[in-house]
2 protein chains.
Amino acid sequence: MMYDMEKIKAELGSGLRDYLPADMIGRQIMLDKIRQVFELFGFAPLSTPGLEKEEILTGNDPNFKMQIFKTRLQQDEDLALRFDLTVPLARVMVQYDNEIDKPFKRYQIGSVWRGERPQFGRFREFMQCDADIVGSATMAADAEIISLMSAVLSALGLNRFLIKVNNRKILNGLSQYVGFDPDKLVIVLRVIDKLDKAGWPAVAEELVTAVGLQPDQLEKLKKFIEFKAPNQSAALAGIRELMANSEIALQGITELEQIIKHLKALKVPDDCWTIDFSVARGLAYYTGPVFETILVDFPELGSIFSGGRYDDLLSRFSNNTLPAVGASVGLDRLFAGMKKMGLLTEIATVTQVAVLNFDQNNESYCEQVVAGLRQAGIKTEFYLGKETGLKGQLTYALKKDIPIVVLAGSTESERGVVQIKDLRQHEQTESTLAELESKIRTILDR
Amino acid sequence: MMYDMEKIKAELGSGLRDYLPADMIGRQIMLDKIRQVFELFGFAPLSTPGLEKEEILTGNDPNFKMQIFKTRLQQDEDLALRFDLTVPLARVMVQYDNEIDKPFKRYQIGSVWRGERPQFGRFREFMQCDADIVGSATMAADAEIISLMSAVLSALGLNRFLIKVNNRKILNGLSQYVGFDPDKLVIVLRVIDKLDKAGWPAVAEELVTAVGLQPDQLEKLKKFIEFKAPNQSAALAGIRELMANSEIALQGITELEQIIKHLKALKVPDDCWTIDFSVARGLAYYTGPVFETILVDFPELGSIFSGGRYDDLLSRFSNNTLPAVGASVGLDRLFAGMKKMGLLTEIATVTQVAVLNFDQNNESYCEQVVAGLRQAGIKTEFYLGKETGLKGQLTYALKKDIPIVVLAGSTESERGVVQIKDLRQHEQTESTLAELESKIRTILDR
């Protein structure tokens, strides 16, 4: 079907990104490692579609403010693109309740979409890797998630990261401790969250205007915020004393103490996690421990691996309850951050051997060599480009950083041999077809 | 944020599907195998977003009829969900022209969305796995794709499949051969495509009413359609003679002969492919060889792996041209087909070892065992459920088909040992912590 029209500009919408092979090969390796660790911890994969019914995502909540991508299709249901993998998990737990044994340890790796203003490391479509334990109320589960987070980041080659652990129950206890209306808690937490950027005086002022806190109340809050202790057990003991008037806070502290015990038994390295009473996590649905993770050398990137306990997971769909805890790593932000920090090197190719193709009459022989190498599990490319001469084809292989080329002209095919060129060591050897695989493996293993 | 409202029904939109772990574990294995073979053939991964600008997808073509999911977001660009991975590839080739060396062998695995009427094996969101060679005009490239298709399907454990190969140039030659207006070709092909279902008399009648073919023209067309030969070389020779008046058809036949030569050199098994002059492939953009694949025992499923040469890939975006050839496997249709044929067994878990947790005072010892097993690379789950007794926890492990459980009560921890229960062989042995890994590996390797 031919039609004449202006050419369309080849470009992406804002906040969207491509991964060309030089980046995608490395990103794929990251994804594989994350999956491996998820499975090492006994999480099984789940897949749900990107498109969900709109009300599944919004919960018909008049206060729903997330910018989601709604789709239209004539005479059809209202669908929209998921903005996280947690809401679909909740739907799955209710929809397939009878089929799913609890506790259910599942991981899901998939794209999510949010119509946010794009900025560094923030995309409108990005990949989340989530692991959650549904149907377990014990703090051992929360510790498992933290242990998993630590293992995933280590597997990705990161060592300078810090998982900050807090408990929403301690924050929920602030209204009792300070003495303000519990309904104002969300506002108070949102204001406190600006502390790093705005500083205490501005935060205090906003707390007065927005919530009407009195000077003595501000003083109490400041005491909590600025609370410091020489070590974690002293910190927990100190906060326990400070917030002794709040039952819910005390419960949160006890939970953190349990988590610490489990983390030690699980041999999670001490230097990769800490208790941090300032961590709130924006999402309203957390009900217990919360986690976020910064790269020590790039804290501005924000949290790269976050989660917590959300025991009201099912409430949108069911009167049943199931406790749940989990965490999510935003792969694309982490990738952008690691790339900026120089922690990722581009990998130009997956190809291990390129068989060149400079002798038209000898193509079939070359193809036999190609087929044999692939049969042996060696990633092999047959040169299919425009260059007809040896030099041009070698340039292609060098440019693509392919480690080995195999040459087979008519002088080789007559004798049943090939030339192996090790492009890294600049060495060339002749090989019979029988020896070819082992000679190439030797070079690849160098 | 609490709000009172009716519970929302946990369900999916029509034509969408979930994969619970029992299916997803197997689907993931399929995906990994496909990726492995793609890389074995020297294809590198590419990733592009699901959302593209609407005009990228439609080409602003007034005849564009595909039902795509358009998204709306206030004051924003018109975006829509991709319906294949080929249009994004074309965009990428133009957008990053300078960064991409040719020939460019890329694979992409990702979801696509089409607002089609759902039916068996046809979903509105499904995963495509594409491999394409861009920038190569040689028939060696087409043969590589066919070889790849064969290798992928074999890796998936299929042996009874048939890759049907044709050349659009032969079909394009029909207008010369039969003698009708070339502009009518698309209609003629579309009518012929109904042959299997409607039979010749109905097709002939439609050809008369829709294109106005005369009896002698119908006769010529019928001769082509019903052409049979005892073997492939006789078939090609016969068609060469039949269509001798069409230069374009002769060119197509020569190309098929070249492909056959390459397939033989590449050692693609003879019984997995065939030349079939009836294969048209619906998409208008194919310009040369076309491929489709049926499962011999389930032909009604339709083509599960299709492709061909499309040398006008870039035309929407650029006046430059780049020849291209590739193929795409629809994973979800294939999965549905294989499942229906009983070729897929459900895999209930990824977990290799469950460490039970029936002695509250001994949790830390159990967690040490868990950490040690994971350290050794054994996929290990720590029991985190509600059952507090041994029996209930064993039932969980049996139901999830976990092969091994490890028991460690206080009598074990005091002596630094654990009990290993092989749930398949119904055997129990004691092990020290030092021997645990090797004993478990022995059981797993049985």
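Our subject is the structure that appears above.
Residues numbered from 1 in each chain as written. Chains lettered and ligands numbered in written order. Predicted model: local features only at pLDDT ≥ 70, side-chain atom pairs only at ≥ 80, totals over all residues. Heavy atoms only, no water.

1. Considerations on the overall build of chain A
A count of helices and strands for chain A gives 17 helices and 16 strands. Its C-alpha atoms give chain A a radius of gyration of 28 Å, clearly above 22 Å, the size a compact globule of 446 residues would have. For chain A, the spread of C-alpha atoms along the principal axes amounts to about 95 × 60 × 50 Å. Burial status across chain A gives 57% buried among its 446 residues. The contacts in chain A between residues at least 6 apart in sequence include a share of 66% that link residues at least 24 apart. With the model as given, the accessible surface of chain A reaches about 19100 Å², and the carbon-plus-sulfur share is 48%. Positive and negative side-chain charges in chain A, numbering 53 and 61 respectively, have mean positions lying 3 Å apart. (Helix = DSSP H or I, 4+ residues; strand = E, 2+ residues; numbered from the N terminus. Rg over C-alpha atoms; globule rule 2.2 N^0.38 Å. Buried < 20%, exposed > 50% of the residue type's maximum accessible area, 1.4 Å probe, protein only. Contact = heavy atoms within 4.5 Å. Areas by Shrake-Rupley, 256 points an atom, 1.4 Å probe, with all protein chains shown as cover. Lys, Arg positive; Asp, Glu negative; His and termini not counted. Charge placed at Lys NZ, Arg CZ, Asp CG, Glu CD.)

2. A look at the relation of the copies chain A and chain B
For the pair chain A and chain B, the superposition axis carries a translation of 0.0 Å, the fit reaches an RMSD of 0.1 Å, and the rotation angle comes to 180 degrees. Each copy turns onto its partner about a two-fold axis. Closest approach to the rotation axis within chain A is made by the C-alpha atom of A:Thr71, at a distance of 2.1 Å. The residues that chain A uses at the interface reappear at the interface of chain B in 100% of cases, marking a shared surface. (Least-squares fit on C-alpha atoms with pLDDT ≥ 70 in both.)

3. Remarks on the sheet that holds strand β10 (residues 305-309) of chain A
All names here are of chain A. Sheet architecture is open: eight strands sit in the order β1-β5-β6-β11-β10-β9-β7-β8, paired in mixed fashion. Pairing within the sheet leaves two strands with one partner each, and these edge strands are β1 (44-45) and β8 (273-275). In the sheet, strand β7 (residues 161-167) pairs with strand β9 (residues 289-295) via seven bridges, with the strands oriented antiparallel. In the strand pairing of β9, Val165 is matched with Phe291. Against the sheet, helix α4 (residues 139-155) engages β5 (104-113), β6 (125-134), β7, β9, β10 and β11 (324-330), with an angle of about 10 degrees to β9. (Pairing = 2+ DSSP bridges. Axes fitted to C-alpha atoms, helices over the stretch in contact; angles between N-to-C directions.)

4. Notes on the packing of aromatic side chains
We describe a pair of aromatic rings using the distance from one ring centre to the other and the angle between the two ring planes. Residues and elements named next belong to chain A. Counted under the stated rule, the structure contains 21 aromatic pairs over all chains. Each residue in the set Phe224, Phe227 and Phe277 is aromatic and connected to the rest through ring pairs, giving one cluster. In this structure, Arg17 packs its charged tip against the face of Tyr19, placed 3.7 Å from the ring centre. The ring of Phe43 carries the charged tip of Lys105 above its face, separated from the ring centre by 4.7 Å. (Phe/Tyr/Trp six-rings, centres within 6.5 Å; stacked < 30°, edge-to-face > 60°. Lys NZ or Arg CZ within 6 Å of the ring centre and 35° of its normal.)

5. Thoughts on helix α14 (residues 363-375) of chain A
Given a rise of 1.5 Å per residue, 13 residues ought to cover 18 Å, and the 18 Å separating the end C-alpha atoms of α14(A) matches this to within 8%. The set of residues buried in α14(A) consists of A:Glu363, A:Tyr365, A:Cys366, A:Glu367, A:Val369, A:Val370, A:Ala371, A:Leu373 and A:Arg374. (Expected span 1.5 Å × (residues − 1).)

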